[in-house]
Amino acid sequence: MTFATLGLIEPLLRSLETLGYQTPTPVQAQAIPAVLAGRDLMAAAQTGTGKTAGFALPLLQLLAMEGPKVTANSVRALILVPTRELAEQVHEAVRQYAENLPLRTYAVYGGVSINPQMMKLRSGVDLLVATPGRLLDLFRQNALKFNQLQTLVLDEADRMLDLGFSEELANIYRALPKKRQTLLFSATFSDDIRLLAGQMLNDPLSIEVSPRNVAANTVKQWIVTVDKKRKPELFVHLMRKGKWKQVLVFAKTRNGVDALVEKLQGLGINADGIHGDKPQATRQRALDRFKLSEVQILVATDVAARGLDIEDLPLVVNFDLPIVAEDYIHRIGRTGRAGSTGEAISLVCADEVNLLSAIEMLTRQTLKRQNEPDFEPEHRVPDTDASGQVIKKPKKPKKPKTSGGGGKRNLGKWVDSGEAAPPEPSIKPVRKVPVFNTGPRKRKP
Ligand code: AMP
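This report concerns the structure included in the present document. (Residues numbered from 1 in each chain as written. Predicted model: local features only at pLDDT ≥ 70, side-chain atom pairs only at ≥ 80, totals over all residues. Heavy atoms only, no water.)

**A closer look at the sheet that holds strand 8 (residues 219-225)**
Where strands meet in a sheet, backbone hydrogen bonds hold them as pairs that are either parallel or antiparallel. Which entries qualify depends on this criterion: Pairing between strands is defined by DSSP: at least two bridges between the two strands are required. Helix numbering and strand numbering both begin at the N terminus, where a helix is a DSSP run of H or I of at least 4 residues and a strand a DSSP run of E of at least 2. The contact criterion used is simple: two residues touch if any of their non-hydrogen atoms lie within 4.5 Å. Here an angle of 0 to 180 degrees is reported between the N-to-C directions of two axes, which are lines fitted to C-alpha atoms, with helices fitted over the stretch in contact.
Ordered by their spatial adjacency, seven strands build an open sheet running 10-11-9-12-13-8-14, and the pairing between neighbours is parallel. Looking at which strands have only one partner, the edges of the open sheet turn out to be strand 10 (271-274) and strand 14 (368-369). Relative to strand 12 (residues 315-318), strand 9 (residues 247-250) runs parallel, the two being bridged by four bridges. Looking at strand 12, one finds that valine 247 is bridged to leucine 315. Lying over the sheet, helix 11 (residues 254-266) contacts strand 9, strand 10 and strand 11 (297-300), oriented at roughly 170° with respect to strand 10. Contacts from helix 12 (residues 280-291) reach strand 9, strand 10 and strand 11 within the one sheet, and its direction differs from that of strand 10 by about 135°.

**Some thoughts on helix 10 (residues 231-242)**
Note the following rule: What a helix is expected to span follows from its residue count: subtract one and scale by 1.5 Å. The cut-offs for exposure are 20% and 50% of the maximum accessible area for each residue type, with area from a 1.4 Å probe on protein chains only; residues under the lower value are buried, those over the upper are exposed, and the others partly exposed.
Over its twelve residues, helix 10 extends 16 Å from the first C-alpha to the last, a length consistent with the 16 Å expected when each residue adds 1.5 Å. When helix 10 is considered as a whole, its buried residues turn out to be Lys231, Leu234, Phe235, Val236, Leu238 and Met239. Tucked into the core, helix 10 has its buried residues touching strand 8, strand 9, helix 11, strand 11, strand 12 and strand 13 (342-348). Taken from the residues just after helix 10, lysine 243 is the one with a positive phi, measuring 50°.

**Considering the pairing of strand 10**
The two faces of strand 10 match: Ala271 and Gly273 on one face and Asp272 and Ile274 on the other face are all buried. In the sheet, strand 10 pairs with strand 11 via four bridges, with the strands oriented parallel. Across the sheet, glycine 273 pairs through a bridge with valine 299, a residue of strand 11.

**Considering the nonpolar core**
This is how the line gets drawn: In plain words, nonpolar cores are sets of buried Ala, Val, Leu, Ile, Met, Phe, Trp, Tyr and Cys residues tied together by side-chain atoms within 4.5 Å.
Counting 42 residues, the largest nonpolar core has Leu57, Leu60, Ile79 and Leu127 as its most contacted members. Broken down by secondary-structure element, the contributors of at least two residues to this core are helix 1 (10-19), helix 2 (26-36), strand 1 (41-44), helix 3 (51-65), strand 2 (75-80), helix 4 (84-97), strand 4 (125-130) and strand 6 (181-186). Among the elements that make up this core, the one with the highest residue count is helix 3 (eight residues). Ignoring sequence-local partners within four residues, the contact set of leucine 57 consists of Phe3, Leu8, Leu12, Leu16, Ile32 and Tyr97.

**With respect to the sheet that holds strand 6**
In space, the seven strands of this open sheet follow the order 3-4-2-5-6-1-7, with parallel pairing throughout. Strand pairing shows two members of the sheet lacking a second neighbour, strand 3 (105-108) and strand 7 (205-208), which therefore form its edges. Adjacent strand axes in the sheet meet at a mean angle of 15° when their direction is disregarded. Pairing of strand 2 with strand 5 (residues 151-154) involves four bridges; the strand directions are parallel. Looking across to strand 5, one finds that leucine 80 is bridged to leucine 154. Running over the sheet, helix 9 (residues 191-200) touches strand 1, strand 5, strand 6 and strand 7 and is turned about 170° from strand 6.

**Points about the pairing of strand 6**
With respect to burial, strand 6 is a largely interior element, six of its six residues being buried. Residue alternation in strand 6 divides its side chains into two sets, Gln181, Leu183 and Phe185 and Thr182, Leu184 and Ser186, and both sets are buried. Sheet topology places strand 1 next to strand 6; four bridges connect them, and they run parallel. Paired with alanine 44 across the bridge in strand 6 is serine 186.

Structure, rendered in structure tokens:
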């Protein structure tokens, strides 16, 4: 199969040739003809499978071939994305695909001045990439009209809901013409997303190129268990041992990002960090330098790193496990993209056992454990498996108190698997992991 047989026009085929795309990926093979035929779409695709081209190519073709010329302050196609970085990235892809077409494209997002965006929108834009909050601001200030809108794309729709954008989406939705084409893309499909799809889509074609909620199989994944306080030390040790060249590291909080970057820089390691507190220009600069291999270690929170496409990224390290299990799939999807292989290593401490279990249940796999000599945790991480169970091992029976016994205290520690089972009580029942709250979260972690 070729892009030509999918019905794409010559100017787009020329752009694809320049970019070196030879064969459509599975999501492209299904989405392109459906979008060209005007269908609504609900598409689940693994990260890095080429979904951006899957919607952008046919969308550009429809804009070039059909409909009236764009008028002042109007927009004919809208792509909504959850973060500024993703807006830049999707727009960059769109710009490359549209190279040989007479179309105006643009991206708007928050964190930067609104005035230049208002100026740019004055003469109308064929295709606009936007984050929901800034789009609404522009609409409310009359910088934007939706009367010409023919297509709406929701990219990473699950993430938009996770970030608490559901109200903004509802407000945008109310402002759009009822008659339009809607394409919904999401790496993972929660029940909330299915509900949203039910409200927004009209007789959608459902595309699922991979089983639900399965992480990219081109990524080799394993975990190292370690005590929380020794994570930075283990990271540096693994980095030196593995001679890591370029690593994207995920930490849970902004403070966590800053602390790790500071520690690495203190050791003379070329590291930088991105998170929601940093100005957009600083984040973009760190990212650009990382892409150019001028920065070796980029430490990020989930929001800042969402959707980043970094060519040939060999390794992702979860310094902390994500709070929302689905973020794990997104994180490791930054490696092993476009057919190459990658590696994802998670440093897991005892506190994180429930997060680990939720990830294993979601991805339906038990992550391989690889212990690092000298870093075996004092607080053992209980065994977990893909059934979502934390396998609690019985506590060591307390030794009867003897006078003057100043031996080591060992309360609350798990019995190692090699140790003999204690006489009483026998094996404790297995405990179900509580369901995680995946409801709306704060916008910036
Ligand atoms: P995406 O999943 O849209 O973020 O795309 C992941 C990466 O795959 C991007 O770097 C794209 O440029 C690249 N890509 C997308 N489609 C193709 C294709 N058909 N052939 C080669 N590379 C592609």
